[in-house]
Amino acid sequence: MTRYAWADTAFDLAWTLAVTTGRTEQEVLAAYGVRDDAQPTDLTFEAALEQRNEHFDDYGLLQLTRRGQHLLAIEPNGWVGNAPEVARTLSRPSGVFLSVYWSANGDHQIVQARDGQLTARFDPTFIGQPAGANDMLPGWCEPEDFPLDHLKSASLAAVERVTGLAFDDSWLTAPVPTYRLPV
(Lines give C-alpha, C1' and ligand atoms only; values in the text may rest on other atoms or scores of the structure.)
Protein backbone atom coordinates (compact mmCIF):
# COMPACT_ATOMS: atom_id res chain seq x y z
CA MET A 1 0.00 0.00 0.00
CA THR A 2 2.91 2.34 0.55
CA ARG A 3 3.29 2.84 -3.20
CA TYR A 4 -0.23 4.27 -3.26
CA ALA A 5 -0.11 6.43 -0.12
CA TRP A 6 -0.63 9.52 -2.31
CA ALA A 7 -4.22 8.35 -2.96
CA ASP A 8 -5.19 8.50 0.72
CA THR A 9 -4.61 12.26 0.75
CA ALA A 10 -6.15 12.93 -2.69
CA PHE A 11 -9.40 14.15 -1.15
CA ASP A 12 -10.82 15.53 -4.43
CA LEU A 13 -10.22 12.30 -6.34
CA ALA A 14 -13.62 11.03 -7.47
CA TRP A 15 -13.54 8.41 -10.20
CA THR A 16 -14.05 4.92 -11.42
CA LEU A 17 -10.80 3.26 -12.42
CA ALA A 18 -11.23 0.04 -14.39
CA VAL A 19 -8.68 -2.42 -15.73
CA THR A 20 -9.42 -5.08 -18.30
CA THR A 21 -7.37 -7.48 -20.38
CA GLY A 22 -7.97 -9.16 -23.72
CA ARG A 23 -10.17 -6.38 -25.10
CA THR A 24 -9.71 -3.82 -27.84
CA GLU A 25 -10.23 -0.13 -27.34
CA GLN A 26 -13.37 -0.33 -29.51
CA GLU A 27 -14.84 -3.09 -27.34
CA VAL A 28 -14.28 -1.06 -24.19
CA LEU A 29 -15.72 2.09 -25.75
CA ALA A 30 -18.81 0.18 -26.90
CA ALA A 31 -19.36 -1.35 -23.44
CA TYR A 32 -19.26 2.13 -21.93
CA GLY A 33 -21.74 3.45 -24.50
CA VAL A 34 -19.38 5.64 -26.53
CA ARG A 35 -20.66 6.26 -30.06
CA ASP A 36 -18.73 4.63 -32.93
CA ASP A 37 -17.96 7.99 -34.51
CA ALA A 38 -16.81 9.68 -31.29
CA GLN A 39 -13.57 11.60 -31.55
CA PRO A 40 -11.44 11.84 -28.41
CA THR A 41 -9.79 14.92 -27.00
CA ASP A 42 -6.47 14.55 -25.19
CA LEU A 43 -6.93 15.73 -21.59
CA THR A 44 -5.18 15.27 -18.29
CA PHE A 45 -7.25 13.77 -15.48
CA GLU A 46 -7.53 17.15 -13.76
CA ALA A 47 -8.76 18.86 -16.94
CA ALA A 48 -11.24 16.03 -17.56
CA LEU A 49 -12.48 16.18 -13.96
CA GLU A 50 -12.98 19.92 -14.25
CA GLN A 51 -14.89 19.51 -17.53
CA ARG A 52 -16.96 16.69 -16.07
CA ASN A 53 -17.93 18.75 -13.05
CA GLU A 54 -18.90 21.73 -15.26
CA HIS A 55 -21.10 19.51 -17.48
CA PHE A 56 -22.23 16.98 -14.90
CA ASP A 57 -25.82 16.77 -16.15
CA ASP A 58 -24.82 16.88 -19.84
CA TYR A 59 -22.26 14.09 -20.28
CA GLY A 60 -19.69 11.91 -18.58
CA LEU A 61 -16.08 11.39 -19.64
CA LEU A 62 -14.00 8.29 -20.21
CA GLN A 63 -10.23 8.32 -20.45
CA LEU A 64 -8.83 5.25 -22.15
CA THR A 65 -5.22 4.18 -22.40
CA ARG A 66 -3.32 0.96 -22.92
CA ARG A 67 -0.61 -0.09 -20.46
CA GLY A 68 0.98 -3.24 -21.85
CA GLN A 69 -1.68 -5.96 -22.00
CA HIS A 70 -4.07 -3.90 -19.86
CA LEU A 71 -6.63 -1.35 -20.95
CA LEU A 72 -7.11 1.30 -18.32
CA ALA A 73 -10.43 3.16 -18.28
CA ILE A 74 -10.77 6.17 -16.00
CA GLU A 75 -14.01 8.08 -15.50
CA PRO A 76 -13.49 11.38 -13.68
CA ASN A 77 -16.39 11.67 -11.22
CA GLY A 78 -18.17 8.88 -13.09
CA TRP A 79 -19.47 5.40 -12.40
CA VAL A 80 -20.36 3.53 -15.62
CA GLY A 81 -17.44 1.13 -15.08
CA ASN A 82 -18.89 0.26 -11.69
CA ALA A 83 -21.89 -1.47 -13.29
CA PRO A 84 -21.98 -5.28 -13.10
CA GLU A 85 -23.12 -5.57 -16.74
CA VAL A 86 -20.07 -3.61 -17.97
CA ALA A 87 -17.86 -5.90 -15.88
CA ARG A 88 -19.49 -9.04 -17.26
CA THR A 89 -19.37 -7.77 -20.85
CA LEU A 90 -15.70 -6.83 -20.73
CA SER A 91 -14.61 -10.07 -19.09
CA ARG A 92 -16.47 -12.27 -21.59
CA PRO A 93 -15.70 -14.89 -22.88
CA SER A 94 -12.37 -15.18 -21.09
CA GLY A 95 -10.80 -12.28 -19.30
CA VAL A 96 -10.65 -10.18 -16.17
CA PHE A 97 -12.30 -6.87 -15.37
CA LEU A 98 -11.81 -5.00 -12.12
CA SER A 99 -13.06 -1.54 -11.22
CA VAL A 100 -12.65 0.71 -8.20
CA TYR A 101 -15.14 3.50 -7.59
CA TRP A 102 -14.67 6.43 -5.19
CA SER A 103 -17.27 9.17 -5.01
CA ALA A 104 -16.77 12.75 -3.93
CA ASN A 105 -18.78 12.02 -0.77
CA GLY A 106 -16.75 9.00 0.35
CA ASP A 107 -18.58 6.06 -1.23
CA HIS A 108 -16.38 3.15 -2.32
CA GLN A 109 -17.07 0.06 -4.39
CA ILE A 110 -15.03 -2.64 -6.06
CA VAL A 111 -16.49 -4.74 -8.88
CA GLN A 112 -14.78 -7.74 -10.47
CA ALA A 113 -15.80 -10.14 -13.23
CA ARG A 114 -13.95 -13.10 -14.69
CA ASP A 115 -14.93 -15.01 -17.81
CA GLY A 116 -18.28 -13.22 -18.06
CA GLN A 117 -19.30 -13.91 -14.45
CA LEU A 118 -19.52 -11.35 -11.68
CA THR A 119 -17.08 -12.52 -8.98
CA ALA A 120 -17.03 -9.52 -6.63
CA ARG A 121 -19.07 -6.48 -5.73
CA PHE A 122 -18.40 -4.88 -2.37
CA ASP A 123 -17.77 -1.70 -0.45
CA PRO A 124 -14.41 -2.15 1.29
CA THR A 125 -15.62 0.19 4.05
CA PHE A 126 -17.96 -2.51 5.38
CA ILE A 127 -16.09 -5.79 4.95
CA GLY A 128 -16.97 -7.95 7.94
CA GLN A 129 -19.64 -5.50 9.16
CA PRO A 130 -23.43 -6.01 9.09
CA ALA A 131 -23.77 -3.17 6.55
CA GLY A 132 -21.74 -5.28 4.12
CA ALA A 133 -23.85 -8.40 4.53
CA ASN A 134 -25.05 -8.36 0.93
CA ASP A 135 -21.57 -7.92 -0.52
CA MET A 136 -20.15 -10.45 -2.96
CA LEU A 137 -16.61 -10.93 -1.67
CA PRO A 138 -13.87 -12.58 -3.73
CA GLY A 139 -11.49 -15.18 -2.31
CA TRP A 140 -8.59 -12.71 -2.37
CA CYS A 141 -10.32 -10.26 -0.01
CA GLU A 142 -9.81 -10.14 3.76
CA PRO A 143 -11.09 -7.45 6.16
CA GLU A 144 -7.55 -6.46 7.13
CA ASP A 145 -6.77 -5.75 3.44
CA PHE A 146 -8.79 -2.51 3.65
CA PRO A 147 -7.99 -0.44 6.75
CA LEU A 148 -10.43 2.47 6.94
CA ASP A 149 -7.74 5.16 6.97
CA HIS A 150 -6.14 3.66 3.85
CA LEU A 151 -9.13 2.60 1.71
CA LYS A 152 -7.89 4.33 -1.42
CA SER A 153 -4.33 3.03 -1.31
CA ALA A 154 -5.62 -0.43 -0.35
CA SER A 155 -8.00 -0.37 -3.32
CA LEU A 156 -5.17 0.46 -5.72
CA ALA A 157 -3.08 -2.30 -4.14
CA ALA A 158 -6.00 -4.69 -4.79
CA VAL A 159 -6.09 -3.59 -8.44
CA GLU A 160 -2.40 -4.43 -8.73
CA ARG A 161 -2.78 -7.75 -6.89
CA VAL A 162 -5.71 -8.92 -9.05
CA THR A 163 -4.73 -7.55 -12.48
CA GLY A 164 -0.96 -7.23 -12.26
CA LEU A 165 -1.14 -3.54 -13.25
CA ALA A 166 0.69 -1.21 -10.87
CA PHE A 167 -0.99 2.20 -11.13
CA ASP A 168 1.37 5.14 -11.50
CA ASP A 169 -0.01 8.49 -10.31
CA SER A 170 1.96 10.24 -13.07
CA TRP A 171 -0.64 8.79 -15.46
CA LEU A 172 -3.06 11.35 -14.06
CA THR A 173 -0.93 14.23 -15.33
CA ALA A 174 -0.39 12.93 -18.88
CA PRO A 175 -2.97 13.90 -21.51
CA VAL A 176 -4.82 10.79 -22.75
CA PRO A 177 -7.67 10.21 -25.21
CA THR A 178 -10.88 11.29 -23.50
CA TYR A 179 -14.35 10.43 -24.83
CA ARG A 180 -17.79 11.77 -23.98
CA LEU A 181 -20.24 9.36 -22.38
CA PRO A 182 -24.01 9.71 -22.59
CA VAL A 183 -25.78 10.45 -19.31
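In case you missed it, the structure is sitting above this.
Residues numbered from 1 in each chain as written. Predicted model: local features only at pLDDT ≥ 70, side-chain atom pairs only at ≥ 80, totals over all residues. Heavy atoms only, no water.

Engineer: So what exactly am I meant to see when it comes to helix α5 (residues 151-163) here?
Structural biologist: The periodicity of an α-helix, 3.6 residues per turn, causes residues three or four positions apart to be oriented the same way. Counted at 1.5 Å a residue, the expected span for α5 with its 13 residues is 18 Å, and the 18 Å between its end C-alpha atoms agrees. The element α5 is largely enclosed, with a buried count of 11 among its 13 residues. Those residues of α5 that sit buried are L151, K152, S153, A154, S155, L156, A157, A158, V159, V162 and T163. Those residues of α5 that are buried lie in contact with α1 (5-8), β1 (15-21), β4 (70-76), β5 (96-102) and β6 (108-114). (Helix = DSSP H or I, 4+ residues; strand = E, 2+ residues; numbered from the N terminus. Expected span 1.5 Å × (residues − 1). Buried < 20%, exposed > 50% of the residue type's maximum accessible area, 1.4 Å probe, protein only. Contact = heavy atoms within 4.5 Å.)

Engineer: Quick question: what am I supposed to make of the sheet that holds β5 here?
Structural biologist: Hydrogen bonds along the backbone pair up the strands of a sheet, which may run parallel or antiparallel. Strand order in the open sheet formed by 8 strands is β2-β8-β3-β4-β1-β5-β6-β7, and the pairing between neighbours is antiparallel. In the strand order of this sheet, the two ends are held by β2 (41-43) and β7 (117-122), each with one partner. Adjacent strand axes in the sheet meet at a mean angle of 25 degrees, parallel and antiparallel pairs treated alike. Sheet topology note: the strand β3 (residues 60-67)/β4 ladder contains 5 bridges and is antiparallel. (Pairing = 2+ DSSP bridges. Axes fitted to C-alpha atoms, helices over the stretch in contact; angles between N-to-C directions.)

Engineer: Help me understand the pattern of salt bridges in this model?
Structural biologist: Between side chains of opposite charge, pairing is possible as soon as their charged atoms come close. Inspection of the entire model under this criterion finds 6 salt bridges. R161 is the salt-bridge partner of D145, the closest N and O atoms lying 3.7 Å from each other. A residue pair is termed long-range when its members are at least 10 positions apart, and D145 in the loop between β7 and α5 and R161 in helix α5 qualify at 16 residues. Exposure remark for D145: the relative accessible area of 22% places this residue in the partly exposed category. With a relative accessible area of 45%, R161 lands in the partly exposed category. Overlapping salt bridges, with partners in common, bring together E85, R88 and R92 in one network. (Salt bridge = Lys/Arg side-chain N within 4 Å of Asp/Glu carboxyl O.)

Everything listed here is a matter of geometry and, on its own, says nothing about what the molecule does.
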